[in-house]
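The residues making up each chain are set out below.
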Amino acid sequence: MNNPKQSADRRTFLKSAASLGATGALGSVLPAAVLAQNPSLQSPNPANGHVFLTEPYLQYTGPGSMTVMWVANLPSYSWVEYGETDALGQKAHRVTDGLVEAYNRINRITLTGLKPGTTYKYRVYSKEITDFKPYKLTYGTTIDSGLLRFTTPNEQGDSVSCLVLNDVHDRPETIPHLLTLKGNDPVDFVFLNGDLFDFQTDEKQLIDHLLKPCSASFAKETPFLFVRGNHETRGKYRSEIHQYFANPEGRNYYSYTWGPVHFTVIDTGEDKPDAEPVYAGIVDFDAYRQEQARWADQVMQSPAFKKARFRVVFMHIPTFYHNNWHGPTHCQQLFTPLFNKHKVDLCISGHTHRYGVHEPVAGQHNYPVIIGGGPKDGNRTLMKLKANRKELHLSMLLDDGKEVGSYHLTAKR
Ligand SMILES: [Fe+2]
């Protein structure tokens, strides 16, 4: 039976809350970060009208597919037209639980059923929604990207080639600069190995410091994959950044096979203890790293991992050659036994800002530890990784184009 006093108190509370909400006063007691509207809907600058804030950028999300992403200034209905000829002929939009995604700005549309190793043309469209009422939706103008192209991955093929960037730290000019060093070799994907930023502020930072330079340099035609570093876990926009990326398995840590290589990607978290006052009680990375160790142990027992000619790990914080702070030490304790047990061939990291190629050390790490540099001029690196069924070669170039490290492996299986 209800306590009459409690019921009366509850009615009083509800009445107060309703009146506060109606006047907007409730909002004043909530922090701005909580009040921040869904970034997918909130236009940063509606006065600029219906324009693209980014060009399309491709994300690799799995075999037979390609995910096309872009950001518009105003809420829209968006779609991709694609096909093997300039006539295109196929159309894709995003559907979730029966709803075609619309009245959003951050677009993530996955094209499926694609043929491997095939060049497709595509064009993205955003049709502004000027008014959204039930039974009366009003469209405005439609904008499009122009005709673009990409070649689908051939995951069953005999080779793979990728570039690795890390520790860009909010220096957008680094991305096109390092891409100029790649030469004419074809590249299947670019891997962004964490700390692209110092901390997360807002959408403009994501666009200006990463998405725009990536699209301008390569990402309209070549997909990139991303894993967080310790710096992407900081700042008021830290929980929103996932909306701007699409990874295989839809998670921050994931695995995939491309040609002869199986890739395991680990999200290494923060570098200091979770209880450190600078984090103010809002991180919990110890448990998250442990969850990933259990996951990696399973992945590394899978047929895809066992069958792969080469087993490569991407993780921002390296397992060795670090400063012995808590995060790196925890990574070392959790992941090194797994990598040794399951015979990982190569581990590629960043974080320390000291580039280097470290040979295996028996009894410690039976795998080479490769660390990319950054972020200042004269210390930035681009890694080029190529593999076929017989051999894998990694070359590390400094930002002046000089090779400062390399590693060569012959297939053991
Ligand atoms: Fe870092």
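Residues numbered from 1 in each chain as written. Predicted model: local features only at pLDDT ≥ 70, side-chain atom pairs only at ≥ 80, totals over all residues. Heavy atoms only, no water.

If you look the protein up in an unreviewed UniProt entry, it shows as Metallophosphoesterase from Larkinella bovis.

### Remarks on the packing of helix H6 (residues 285-299) against helix H8 (residues 326-341)
At a minimum axis separation of 10 Å, H6 and H8 run at an interaxial angle of 10 degrees. By the angle between their axes, H6 is roughly parallel relative to H8. Residue-level contacts link Asp 286, Arg 289, Gln 290, Gln 292, Ala 293, Ala 296 and Asp 297 of H6 to His 326, Gly 327, His 330, Cys 331, Leu 334, Phe 335, Leu 338 and Lys 341 of H8. Of the residues that constitute the contact of H6 with H8, the class distribution is six nonpolar, five polar and four charged. (Axes fitted to C-alpha atoms, helices over the stretch in contact; angles between N-to-C directions. Helix = DSSP H or I, 4+ residues; strand = E, 2+ residues; numbered from the N terminus. Parallel < 35°, antiparallel > 145°, perpendicular 65-115°, else oblique. Contact = heavy atoms within 4.5 Å. Nonpolar A, V, L, I, M, F, W, Y, C, P; charged D, E, K, R; others polar.)

### Quick word on the sheet that holds strand E14 (residues 261-266)
Within the open sheet, the six strands sit side by side as E13-E14-E15-E16-E18-E17. Their pairing is mixed. A single partner strand is all that each edge strand has here, and the edge strands are strand E13 (254-258) and strand E17 (356-358). Ignoring which end each strand starts from, the neighbouring axes of this sheet average 15 degrees apart. Judged from the six bridges that link them, E14 and strand E15 (residues 310-315) form a sheet pairing that is parallel. Residue Val 261 lies in a different strand from E15, and its bridge partner there is Phe 310. (Pairing = 2+ DSSP bridges.)

### A word on the coordination of the iron ion
Bound to the iron ion are the protein donor atoms Asp 195 (OD), Asn 230 (OD1), His 316 (NE2) and His 351 (ND1), situated 2.1 to 2.2 Å from the metal. One can describe the donor arrangement at the iron ion as irregular, given that its four donor atoms subtend angles of 90 to 173 degrees at the metal. The motif formed by the donor residues of the iron ion, counted along the single chain, is D-x34-N-x85-H-x34-H. Of this pair, Asp 195 sits in the loop between strand E11 (189-192) and helix H5 (203-219) while His 316 sits in the loop between E15 and H8, and the two are 121 residues apart along the sequence. Judged by its relative accessible area of 1%, Asp 195 falls in the buried class. (Donors = N, O, S within 2.8 Å, 3.2 Å for Na, K, Ca; no water. Tetrahedral: all angles 85-135°; square planar, octahedral: opposite > 155°, others 65-115°. Buried < 20%, exposed > 50% of the residue type's maximum accessible area, 1.4 Å probe, protein only.)

### Some points on H5
With 17 residues, H5 should cover 24 Å at 1.5 Å per step; its first-to-last C-alpha distance of 18 Å lies more than 12% under that length. When H5 is considered as a whole, its buried residues turn out to be Glu 203, Gln 205, Leu 206, Ile 207, Leu 210, Leu 211, Pro 213, Cys 214, Ser 215, Phe 218 and Ala 219. The inward-facing, buried residues of H5 contact strand E1 (57-59), strand E2 (66-83), strand E6 (102-111), helix H4 (174-179), E11 and strand E12 (224-226). For H5, the capping residue at the N-terminal end is Asp 202, with a side-chain oxygen 3.3 Å from the backbone nitrogen of Lys 204. (Expected span 1.5 Å × (residues − 1). Polar contact = N/O pair within 3.5 Å; in protein donor to acceptor, adjacent residues only side chain to side chain.)

### Some words on the environment of Thr 118
As for its placement among the helices and strands, Thr 118 is situated in the loop between E6 and strand E7 (119-133). Sequence spacing of Thr 118 and Asn 154 is 36 residues, and the spatial spacing of their C-alpha atoms is 8.4 Å. Apart from the residues within four sequence positions on either side, Thr 118 is in contact with Glu 84, Phe 150, Thr 151 and Thr 152. Within the local environment of Thr 118, its side chain forms a polar contact with the backbone oxygen of Lys 115, the two atoms lying 3.3 Å apart.

### Brief notes about the packing of aromatic side chains
According to the stated counting rule, one finds 27 aromatic pairs in the structure shown. Relative to Phe 224, the ring of Tyr 57 has its centre 6.0 Å away and its plane inclined at 10 degrees; by these criteria the two rings are stacked. With a gap of 167 residues between them, Tyr 57 in strand E1 and Phe 224 in strand E12 connect regions that are remote in the sequence. Here Tyr 57 falls in the buried class, since its relative accessible area comes to 0%. Ring geometry for Phe 335 against Phe 339: centres 6.0 Å apart, planes inclined by 25 degrees, an arrangement best described as stacked. Residue Phe 335 and its partner Phe 339 are located together in helix H8, separated by four residues, close to a single helical turn. Judged by its relative accessible area of 0%, Phe 335 falls in the buried class. One aromatic cluster is present, built from ring pairs that chain together Tyr 60, Phe 189, Phe 191, Tyr 254, Tyr 256, Trp 258, Phe 263 and Phe 314. Geometry around Trp 79 places Lys 91 over its ring, the cationic atom sitting 4.9 Å from the centre. Positioned over the ring face of Tyr 139 is Lys 127, at 4.1 Å from the centre of the ring. (Phe/Tyr/Trp six-rings, centres within 6.5 Å; stacked < 30°, edge-to-face > 60°. Lys NZ or Arg CZ within 6 Å of the ring centre and 35° of its normal.)

### Looking at the UniProt feature "domain: Purple acid phosphatase N-terminal" (unreviewed entry) in the protein
As annotated in UniProt, the feature "domain: Purple acid phosphatase N-terminal" (unreviewed entry) corresponds to residues 56-128 in the numbering used here. Strand forms 66% of residues 56-128 and helix 0%; the C-alpha atoms that close the span are 17 Å apart. (UniProt positions renumbered as here; feature names shortened; annotations may be inferred.)

### Here we look at the domain arrangement of the protein
Taken domain by domain, the protein consists of domain 1 (46-151) and domain 2 (160-410). One C-alpha centre belongs to domain 1, the other to domain 2, and the line joining them spans 28 Å. Domain 1 puts 21 residues into the contact, and the matching count from domain 2 is 23 residues. Contact between domain 1 and domain 2 buries roughly 1,800 Å² in total, counting both sides, with carbon and sulfur atoms accounting for 57%. (Domains from an automatic or database assignment. Buried area = accessible area lost by both parts, 1.4 Å probe.)

### With respect to the pattern of salt bridges
When the charged atoms of two side chains with opposite charge come close together, those side chains can pair. Scanning all chains against the criterion turns up 21 salt bridges. A salt bridge links Glu 84 to Lys 115, with the shortest nitrogen-to-oxygen separation between them at 2.8 Å. With Glu 84 in the loop between E2 and strand E3 (90-92) and Lys 115 in the loop between E6 and E7, this pair connects stretches of sequence that are 31 residues apart. Ionic pairing is found between Asp 399 and Arg 380, a salt bridge with its closest N-O pair at 2.8 Å. Of this pair, Asp 399 sits in the loop between strand E20 (391-398) and strand E21 (403-410) while Arg 380 is found in the loop between strand E18 (369-371) and strand E19 (381-387), placing the two residues 19 residues apart along the sequence. Through salt bridges with shared partners, one network takes in Arg 234, Glu 270, Asp 271 and Lys 272. (Salt bridge = Lys/Arg side-chain N within 4 Å of Asp/Glu carboxyl O.)

### A look at the UniProt feature "domain: Calcineurin-like phosphoesterase" (unreviewed entry) in the protein
Those places that UniProt annotates as "domain: Calcineurin-like phosphoesterase" (unreviewed entry) correspond, in this numbering, to residues 163-355. Along residues 163-355 one finds 31% helix and 16% strand; the C-alpha atoms at either end are 15 Å apart.

### Digging into the nonpolar core
Judged by nonpolar contacts, the single largest core of 33 residues is most densely connected at Leu 192, Leu 210, Phe 224, Tyr 244 and Phe 245. Every element with two or more residues in this core is listed here: E2, strand E10 (160-165), H4, E11, H5 and E12. Per-element accounting of this core gives the leading share, seven residues, to H5. When sequence neighbours within four positions are dropped, the list of residues in contact with Phe 245 reads Gln 59, Met 69, Arg 108, Leu 206, Leu 210, Leu 211, Phe 224 and Phe 226. The next biggest cluster of nonpolar side chains, apart from the first, holds 28 residues, and it includes Phe 191, Val 261, Ile 348 and Leu 392. (Core = buried A, V, L, I, M, F, W, Y, C linked by side-chain atoms within 4.5 Å.)

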